[in-house]
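# What the coordinates show
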Amino acid sequence: MTVTSPVPRQPDIEYHPDEEKYHARTARRLAENPSLPLVPLPEGFPAKVEGPNVWEGKDWTSEDQWVYKLSDAELVEIDAALAHFKGLGQPLGFIGRDTFPLPTLGATLKGLAQELYSGRGFFVLREIPVDKYSREELAIVYAGISSHVGSGRGKQDATGAVLAHIKDLTVSHASEGGLGNSAYTTDKQVFHTDVGDLIALLAIQSAAEGGVSRLSSGGRVYNELARTRPDLVKVLSEPWPLDSFGGNPGYTTRPLLYFEDGEHIVIQYSRRHFTGYKAQKRSANIPPISEAQAEALDALHFLAEKFSLEMNFQKGDIQYINSMGLLHARDAFRDDSDNIRHLIRLWLRNDELAWKTPKPLEHIWKRLYSVPPEGQRFPLEPEIRKKENGVAK
Ligand SMILES: [Fe+2]
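Per an unreviewed UniProt entry, the chain is named TauD/TfdA-like domain-containing protein, and its organism is Hohenbuehelia grisea.

Given below as C-alpha cells:
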C-alpha cells in the first residue's frame, strides 16, 4: 500500500481575523499536541523583554502624555523655514535639516526622535495649520519638520514616491485595482507593521465617523507569547512564504519576528501577504501557510488588540511611530461630503538613533532608504502605489 501525505492546503483564514476560528484552531492544535506550550523558546530569544517601549494601552491615562502641542513661536519658526526652503529653489527631494532650519524646534524634535527609538515609541505633533498652506507648501512643511525627526526618507513605491496618500480611493481609482490594500478603502486595517523604521502620518482631514488609530507594543505582545505559547514564538521566528501577488518571484520567505541585537523585539509583517485581501487573493501557485502559522497570525492580532492604545486623529496632527517596535491598526470609518479622511504618510529613519536592522530585512531597508534627493517624488494628489512590476501594492 502506498501512503501519500496530504498536499498542504491554505488554512481557513481570512484577512479579517475571526476570533471564533482562532480559538477553535488553538483548541484543535493543542488537542492534537498538548505539549506545544512546552516547546522551548528559539535560541537567543529572551523569556521577557523590558523597557519603556513595553507597555499596554491601559498604562496611558491622558493624551497629554504623548501629544506635543506646537506653540505660536514654533509655528512662526516653521513658516520661516518654509520661506527659506522656497528661496533656495531646490526640488523637494532636497528638503532636510539644513535646508529647512528649525533653530529651537529642531532640538525638541531631536528629543522626540529619541522617544521613538529609546522611549515609548510614538508621539503626536499638534497641530499643523493645514488649511493655511498650498498642497506643495504643506508637503515642504511636513517633510521639513519630519527631517528633524529622521533625515532618511523611504520610497514607498517603485517610482520613488516618498509621500503616500492614505484615503478611500475605491470610487475615484476603481479601475486601478487599488482594492488589494485596505489602506485605500474605508475598511478596517488589522494589526500590522509597515516596512522601515519610522512612520509619520499627517491628517489633512479626518473622517465623519470612526477611523480610530490603534498602537500596540511589540515587546508586550512578545512577552505574552513567550510566557504562554513559546511554540508560536518559534513559528514566528522561522521563514514564512510572503505572497508577492503576481511579482517575480511569486513569493519570498523570511521570519516575522526578530531579536538580533540583544535588546529589541522586532515584529515585521502585514497579514495580507499571507491571507490576501479582497481583489488580491492569495496566489494559488505558491506554498500555503501552515496551521501553526495561521494560529500565530491570529495570536499576534488578538494580543496586539488586547494590549492596544487607541487614539483619534485630529486635523493637523502628525503621528510618529516606531514601526519596528510597535504594531498598528485602524478601525473602519465613514466619510461624508465635508469630512473625507485623508492622511499623508512618510517613511523615515534616523541613522544616528536607529536600531540594528535584522539581517533578513536588510535588503528591504536598503531599497527603501537608498533613493537620492533628485529621485524622490512628492505626489501632491492621491495615487495608487505601484510595485516594480506595475502591479498595485
Ligand atoms: Fe500601516
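Text resumes after the structure shown.
Here we come to the overall build of the chain. From N to C terminus, the chain includes 9 helices and 19 strands. By the compact-globule yardstick of 21 Å for 393 residues, the chain fits well, its C-alpha radius of gyration being 21 Å. With the C-alpha coordinates aligned to their principal axes, the bounding extent of the chain is approximately 80 × 45 × 40 Å. Scored against the burial criterion, the 393 residues of the chain give a buried share of 57%. A sequence separation of at least 24 residues applies to 82% of the contacts in the chain between residues at least 6 apart. When the accessible area of the chain is evaluated, it comes to approximately 17,000 Å², of which 52% is carbon and sulfur surface. Computing the positive centroid from 46 side-chain charges and the negative centroid from 53, the chain places the two 4 Å apart.

This part takes up the coordination of the iron ion. Note on metal geometry: ideal angles are 109.5 degrees for four donors arranged tetrahedrally and 90 or 180 degrees for six donors arranged octahedrally. Protein coordination at the iron ion comes from His192 (NE2), Asp194 (OD) and His328 (NE2), with a distance range of 2.1 to 2.2 Å. Given a relative accessible area of 8%, Asp194 falls into the buried group.

Turning our eyes to something else, we now look at the pattern of salt bridges. As enumerated under the stated definition, the model contains 31 salt bridges in all. In this structure, the salt-bridge partner of Asp131 is Lys315, at a minimum N-O distance of 2.7 Å. With a gap of 184 residues between them, Asp131 in the loop between strand E2 (122-126) and helix H4 (135-147) and Lys315 in the loop between strand E15 (309-311) and strand E16 (318-322) connect regions that are remote in the sequence. Salt bridges sharing common partners tie together Arg25, Arg28, Arg271, Glu291 and Asp298.

In contact at an axis separation of 10 Å, helix H2 (residues 72-88) and H4 are set at 110° when each is read in the N-to-C sense. Judged by the angle between their axes, H2 and H4 are roughly perpendicular. Within the contact between the two elements, H2 uses Ile78, Leu82, Phe85 and Lys86 and H4 uses Glu137, Ile140, Val141 and Ile145. Looking at the contact of H2 with H4 residue by residue, the class counts come to 6 nonpolar, no polar and 2 charged.

Let us now look at the packing of aromatic side chains. Applying the stated criterion across every chain, the model contains 11 aromatic pairs. Both rings, one in Tyr15 and one in Tyr277, keep their centres 4.7 Å apart while their planes meet at 70°; by these two values the pair is edge-to-face. Separated by 262 residues along the polypeptide, Tyr15 in the segment before helix H1 (19-32) and Tyr277 in strand E13 (residues 276-277) bring together distant segments of the chain. Through a chain of ring-to-ring contacts, three or more aromatic side chains come together here, namely Trp55, Trp60, Trp66 and Phe122. In this arrangement the basic side chain of Arg341 is found over the ring face of Phe333, its NZ or CZ atom lying 5.2 Å from the centre.

Following the sequence through the fold, Asp187 ends up in the loop between strand E4 (164-167) and strand E5 (189-192). Remark: the alpha-carbon pair of Asp187 and Asp168, spanning 19 residues in sequence, is separated by 8.7 Å. If we skip the residues at most four places from it in the chain, Asp187 touches His16, Ser182, Tyr277, Lys278, Arg330, Asp331 and Ala332. In terms of polar contacts, Asp187 uses its side chain to reach the side chain of Tyr277, at 2.6 Å.

Cut-offs and rules
- As a convention, each chain's residues are numbered from 1 in the sequence order in which they are written.
- Under the rules for a predicted model, residues below a pLDDT of 70 receive no local features and side-chain atom pairs below 80 are neither given nor counted, while totals for whole chains, interfaces and linings still include all residues.
- To obtain the side-chain values, all non-hydrogen atoms of the structure were used and water was disregarded.
- Numbered from the N terminus, helices here are DSSP runs of H or I no shorter than four residues, and strands are runs of E no shorter than two.
- What the globule rule says is 2.2 Å times the number of residues to the power 0.38, and the radius of gyration is computed from C-alpha atoms.
- Exposure classes here rest on a 1.4 Å probe applied to the protein chains alone. A residue is buried below 20% of its type maximum, exposed above 50%, and partly exposed in between.
- Any two residues whose heavy atoms approach within 4.5 Å are treated as being in contact.
- For every accessible area listed, the method is Shrake-Rupley and the probe measures 1.4 Å; residues are considered covered only by the protein chains on display.
- Charge assignment: positive for Lys and Arg, negative for Asp and Glu; neither His nor the chain ends contribute.
- Throughout, a charge is located at the NZ atom of Lys, the CZ atom of Arg, the CG atom of Asp or the CD atom of Glu.
- Nitrogen, oxygen and sulfur within 2.8 Å of a metal are treated as its donors, or within 3.2 Å for sodium, potassium and calcium (Na, K, Ca); water is not counted, so a site can appear incomplete.
- Any carboxyl oxygen of Asp or Glu that lies within 4 Å of a side-chain nitrogen of Lys or Arg is treated as forming a salt bridge with it.
- Here, axes are lines fitted to C-alpha atoms. For helices the fit covers the stretch in contact, and angles between N-to-C directions go from 0 to 180 degrees.
- Roughly parallel means an angle under 35 degrees; roughly antiparallel, over 145; roughly perpendicular, 65 to 115; everything else is oblique.
- Under the scheme applied here, ten amino acids are nonpolar (Ala, Val, Leu, Ile, Met, Phe, Trp, Tyr, Cys and Pro), four are charged (Asp, Glu, Lys and Arg), and all others, including Gly, are polar.
- Only Phe, Tyr and Trp rings take part, Trp by its six-membered ring, and two of them pair if their centres are within 6.5 Å. Stacked means planes under 30 degrees apart, edge-to-face means over 60, and tilted covers everything else.
- Sitting over a ring, as applied to charges here, requires NZ of Lys or CZ of Arg to be within 6 Å of the ring centre and within 35 degrees of the ring normal.
- Nitrogen and oxygen atoms within 3.5 Å of one another constitute a polar contact, given that in protein one can donate a hydrogen and the other can accept it, and given that sequence-neighbouring residues count only through two side-chain atoms.

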